[in-house]
Amino acid sequence: MKDLRTALEQRRRDGLYRSRRIAASPQLPGRRIDGRDCLSFCSNDYLGLAAHPQVVAALQAGAQRWGVGSGAAHLLAGHTAAHHALEEALADFVGAPRALLFSTGYMANLGVMAALPGRLFQDRLNHASLLDGARISGARLVRYAHLDMQDLQRRLAAAPAGERLIASDGVFSMDGDLAPVVELQALARTHAAWLLLDDAHGLGVRGEQGRGSLAQAGITPGNDVILMGTLGKALGTFGAFVAGSEDLIETLIQQARSYVYTTAPPAAVAEAALAALRLCREEGWRRERLQALIGRFRTGAEQLGLPLMASATPIQPLLIGDTGAATRLSEALEDAGILVPAIRPPTVPEGAARLRVSFSAAHEEAQVDRLLDALGSVIKG
Ligand SMILES: *Cc1c(COP(=O)(O)O)cnc(C)c1O
């Protein structure tokens, strides 16, 4: 039997040990965590909807109406009018013929890849769920250099004829940079490939009304373009969806194992997501505020000479490099009551450890300034 303890101890010595904090308050910038009040810059609740009173009220009313458990998979008896209304609202939101709810984004990515045959082309820095989807589907995986469309083109041209799928994050989760969506779509067309855009970090944040990275580029899902969006990030709730053509969605309903063989999410959560989607569409000030906070942070960080990366999104990493150094900086910030996670290998490449700052419309300017002050003193000493 493998000695788990030895492996765990080695992991700790390497500074790669992962452990959880215990929060005693909702997902807000000011949080009680591990018995202590702190200022958090580590959520994906970009629009500040996770604890919004209207979203909470929709969940409560939903539980009154539907109970808690959905009690079955969508294809058995778990699919309610609330799930269905959410699918229709999401399709309308992103301008797609249809949308299909999944329990999580991880499962949505697995489902699409398992249902579509052929060779997979993926950006080297894609989210783990896209890479795992490739593994589970058993398809040949070709990884191209990050954002490098020439490399992708070469690899597409060199591949034998047959079905292909290009998959990319819309906003890269550890770098905050953007996929060249227009070029990706053009390459997909030229090489008769599907394009799957995982917009977990773009939906709600980018494009008019927060319709996401495809909308920002003037592209709608359908035909050969597939959108995967999540509800657990900017939409502040839980779950995910795939949007695309009628035939794609029907194929997923028949064949996506991570859709067929799992319990439908609670209908009350679908009601909450509908409320969050309404707020996302109607309250453009949340996106404006987020952009203003990002601008304030970048200006301040530049003045301090902090190692900013090329990101215009709420994901604002500071590239530290050494894993131990990133961990120590994160701990020093925590001592000052500020939570900013250190992201270490294997989540990012060796030598590219970083502090990953993320912003929410729920942050205040003074909180951004407090973060800058703390970063200045821990990084610059
Ligand atoms: C968070 C995330 C997912 C997974 O979504 P969940 O709903 O949390 O399972 C997929 N892709 C990307 C890029 C993500 O950031």
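Thresholds applied
- Residues numbered from 1 in each chain as written.
- Predicted model: local features only at pLDDT ≥ 70, side-chain atom pairs only at ≥ 80, totals over all residues.
- Heavy atoms only, no water.
- Axes fitted to C-alpha atoms, helices over the stretch in contact; angles between N-to-C directions.
- Helix = DSSP H or I, 4+ residues; strand = E, 2+ residues; numbered from the N terminus.
- Parallel < 35°, antiparallel > 145°, perpendicular 65-115°, else oblique.
- Left-handed = near helix turned anticlockwise from the far one by under 90°.
- Contact = heavy atoms within 4.5 Å.
- Nonpolar A, V, L, I, M, F, W, Y, C, P; charged D, E, K, R; others polar.
- Near = heavy atom within 4 Å.
- Polar contact = N/O pair within 3.5 Å; in protein donor to acceptor, adjacent residues only side chain to side chain.
- Areas by Shrake-Rupley, 256 points an atom, 1.4 Å probe, with all protein chains shown as cover.
- Core = buried A, V, L, I, M, F, W, Y, C linked by side-chain atoms within 4.5 Å.
- Buried < 20%, exposed > 50% of the residue type's maximum accessible area, 1.4 Å probe, protein only.
- Domains from an automatic or database assignment.
- Pairing = 2+ DSSP bridges.
- Buried area = accessible area lost by both parts, 1.4 Å probe.
- Salt bridge = Lys/Arg side-chain N within 4 Å of Asp/Glu carboxyl O.

This part is about the packing of helix α14 (residues 323–335) against helix α15 (residues 365–380). Where α14 contacts α15, the axes come no closer than 10 Å and their chain directions differ by 135°. The angle between α14 and α15 falls in the class oblique. When you trace α14 past α15, the crossing you get is right-handed. Facing α14, whose interface residues are Leu329, Ala332 and Leu333, α15 presents Ala374, Leu375, Val378 and Ile379. Among the residues forming the contact of α14 with α15, the class breakdown is 7 nonpolar, no polar and no charged.

Neighbouring residues of the ligand: 14 residues in total, closest Gly105, Tyr106, Asp198, His201 and Lys233. One of the backbone nitrogen or oxygen atoms of Tyr106 is found 3.0 Å away from an oxygen atom of the ligand. Within the side chain of His201, one N or O atom sits 2.6 Å away from an oxygen atom of the ligand. Relative to its free-state accessible area of 380 Å², the ligand is covered by the protein chains to the extent of 82%. Going through the elements one at a time, α5 (105–115) and β8 (225–230) are the ones with two or more residues in the shell around the ligand.

On to the nonpolar core, then. Leu152, Ile166, Phe241, Phe297, Phe359 and Leu371 are the most contacted members of the largest nonpolar core, which totals 77 residues. Of all the elements, helix α12 (residues 267–282) adds the most residues to this core, at 9 residues. Looking at which domains feed residues into this core, each of domain 1 (22–47 + 284–380) and domain 2 (53–282) gives three or more. Filtering out sequence-adjacent residues up to four positions away, Phe359 remains in contact with Phe41, Tyr46, Leu290, Ile294, Phe297, Pro314, Gln316, Val368 and Leu371.

Turning our attention to the pairing of β8. Consecutive residues of a regular strand have side chains that alternate between opposite faces of the sheet. Along β8, 6 of the 6 residues are buried, which leaves the element largely enclosed by surrounding structure. Burial along β8 is two-sided: Val225, Leu227 and Gly229 facing one way and Ile226, Met228 and Thr230 facing the other are all buried. As defined by bridge partners, β8 adjoins strand β9 (residues 240–244) across 4 bridges and the pair is classed as antiparallel. Residue pairing for β9: Leu227 is matched across the bridge by Ala243.

Moving on, we get to the sheet that holds β9. One open sheet accounts for 7 strands, arranged β3-β9-β8-β7-β6-β4-β5; its pairing is mixed. Pairing within the sheet leaves two strands with one partner each, and these edge strands are β3 (98–102) and β5 (141–144). Adjacent strand axes in the sheet meet at a mean angle of 20° when their direction is disregarded. Pairing of β3 with β9 involves 5 bridges; the strand directions are antiparallel. When the bridges of β9 are listed, Leu100 appears paired with Val242. Against the sheet, helix α4 (residues 81–94) touches β3, β8 and β9, its axis set at about 130° to β3. In the packing of helix α8 (residues 181–190) onto the sheet, contacts are made with β5, β6 (164–169), β7 (194–198) and β8, and the angle to β7 comes to roughly 155°.

Turning next to the domain arrangement of the protein chain. Split by domain assignment, the protein chain resolves into domain 1 (22–47 + 284–380) and domain 2 (53–282). Taken together, the contact between domain 1 and domain 2 spans 20 residues of the former and 20 residues of the latter. Buried area between domain 1 and domain 2, summed over both chains or domains, comes out near 1500 Å², and the portion from carbon and sulfur atoms is 59%. Connecting domain 1 to domain 2 are 1 salt bridge. Among the ionic pairs, Asp175 bridges to Arg354, the shortest N-O distance being 3.2 Å. Listed by contribution, the elements that provide at least two residues to the side of domain 1 that touches domain 2 are α13 (285–304), β10 (315–321) and β13 (353–358). Each residue belonging to the side of domain 1 that touches domain 2 can be placed in one class, and the counts come to 11 nonpolar, 5 polar and 4 charged.

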